[in-house]
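# Geometric and topological summary
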Amino acid sequence: LILSMLVSMGLFGLGLAYFKTNGYLIATTIAGIVYSILVLGIHFVPLKLLKFHFVAMIILFVAAFFTPMALGLTSFSVYQNTKNVFLVVIMVISFIIGLTMFVFVMNPKLSFNIKMKVAVDEQGNEKYIRPNFILVAFTEWLMVLLLPASQILYCLLIIALA
């Protein structure tokens, strides 16, 4: 995980070598690096620090949404100058991924209030049973697992810019 996120940060930093004057590409690079750092860091935050974990998770949600949206804006900005149709494809896919992330984050049932079920074992002791499906954890993992999609789109954008 550590090595893959270091490679991811290097990948997003690579884009600055191509277009230093494009503000959208700089925003995409910064968002991608923050996204990679948060994917790395959120796995090492213990759940004893639940408030800090939630703050990091909210920032992860923002970075996960912002990275593909900034990729789409970068593609559109470059498309206006070059009229390369491949950039439109990158833009559309980026916007679809970004809007999908937005829909998952804006889910009305997404709540940090995780209700544990109380059960009694054979000795009469109370024990807590976690729910089968925790929407917050699912959304967090979805954001982590969609990072490679942003990386692939970023590589395709850099190839189109070169």
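Structure report, in brief. Note that the structure is a prediction, hence the values are computed from the model and not measured.

About the criteria used
Residues numbered from 1 in each chain as written. Predicted model: local features only at pLDDT ≥ 70, side-chain atom pairs only at ≥ 80, totals over all residues. Heavy atoms only, no water. Helix = DSSP H or I, 4+ residues; strand = E, 2+ residues; numbered from the N terminus. 1 Å grid on protein atoms, 1.4 Å probe; cavity = no way out; pocket = protein on both sides within 12 Å on 5 of 7 lines; lining within 4 Å. Points joined across faces, edges and corners; volume = space filled by probe spheres on them. Nonpolar A, V, L, I, M, F, W, Y, C, P; charged D, E, K, R; others polar. Phe/Tyr/Trp six-rings, centres within 6.5 Å; stacked < 30°, edge-to-face > 60°. Buried < 20%, exposed > 50% of the residue type's maximum accessible area, 1.4 Å probe, protein only. Lys NZ or Arg CZ within 6 Å of the ring centre and 35° of its normal. Patch = residues over 30% accessible without salt bridge, like charges linked within 9 Å, V, L, I, M, F, W, Y side chains within 5 Å. Areas by Shrake-Rupley, 256 points an atom, 1.4 Å probe, with all protein chains shown as cover. Salt bridge = Lys/Arg side-chain N within 4 Å of Asp/Glu carboxyl O. Axes fitted to C-alpha atoms, helices over the stretch in contact; angles between N-to-C directions. Left-handed = near helix turned anticlockwise from the far one by under 90°. Contact = heavy atoms within 4.5 Å. Polar contact = N/O pair within 3.5 Å; in protein donor to acceptor, adjacent residues only side chain to side chain. Core = buried A, V, L, I, M, F, W, Y, C linked by side-chain atoms within 4.5 Å.

For the rest of this paragraph, the subject is the environment of Leu25. One can find Leu25 in helix H2 (residues 23-42). Note: C-alpha distance between Leu25 and Gly98 (73 residues apart in sequence) is 16 Å.

Once that is clear, we can look at the layout of surface pockets. Empty space within the largest pocket amounts to approximately 340 Å³. In this structure, the largest pocket is lined by 15 residues; those nearest its centre are Leu47, His53, Ala137, Glu140 and Trp141. Contributing elements (two or more residues each) for the lining of the largest pocket: helix H3 (50-82) and helix H5 (135-145). Residue composition of the lining of the largest pocket, grouped by class: 12 nonpolar, 2 polar and 1 charged.

With that settled, the discussion passes to the packing of aromatic side chains. Under the counting rule described, the total for this entry stands at 4 aromatic pairs. Judged by centre distance (5.5 Å) and plane angle (45°), the ring pair of Phe133 and Phe138 falls under tilted. Phe133 gets classed as exposed once you look at its relative accessible area, which sits at 53%. Among the aromatic residues, ring-to-ring pairing joins Phe104, Phe133 and Phe138 into one connected group. Seen from the ring of Tyr79, Lys83 lies directly overhead, with NZ or CZ sitting 5.4 Å from the centre.

Side chains of Phe86, Val89, Ile93, Ile152, Leu156 and Ile159 sit close together on the surface and give an oily, nonpolar patch of about 510 Å² of accessible area. When residues of the nonpolar patch are traced back to their parent elements, those giving at least two are helix H4 (85-105) and helix H6 (147-161). Within the fold, Ile159 resides in helix H6.

Our focus in this paragraph is the packing of helix H1 (residues 2-14) against H6. Two elements in contact, H1 and H6, have axes whose closest approach is 10 Å; the angle formed by their N-to-C orientations is 35°. Judged by the twist between their axes, the crossing of H1 over H6 is left-handed. On the side of H1, the interface is formed by Met5, Ser8, Leu11 and Phe12, while H6 contributes Leu147, Ser150, Gln151, Tyr154 and Cys155. Looking at the contact of H1 with H6, its residues break down into 6 nonpolar, 3 polar and no charged.

Here Thr29 lies in helix H2. For Thr29, the side chain forms a polar contact with the side chain of Tyr154, separated by 3.0 Å. Residues contacting Thr29, with those up to four places away along its chain left out, are Phe12, Gly13, Leu16 and Tyr154.

So, about the environment of Gly98. For Gly98, the location among the structural elements is in helix H4. Looking at Gly98, the relative accessible area reads 0%, which means it is buried. In this structure, the C-alpha to C-alpha distance between Gly98 and Ile2, residues 96 residues apart in sequence, is 25 Å. Ignoring sequence-local partners within four residues, the contact set of Gly98 consists of Phe65, Pro68 and Met69.

Right, let's get into the nonpolar core. Soluble globular proteins: nonpolar side chains tend toward being buried together. Tyr35, Val39, Leu60, Met143 and Tyr154 are the most contacted members of the largest nonpolar core, which totals 36 residues. Breaking this core down by element, the ones donating at least two residues are H1, H2, H3, H4, H5 and H6. Take this core: its biggest share by element is 9 residues, from H3.

These values are about where atoms sit, not about what they do.
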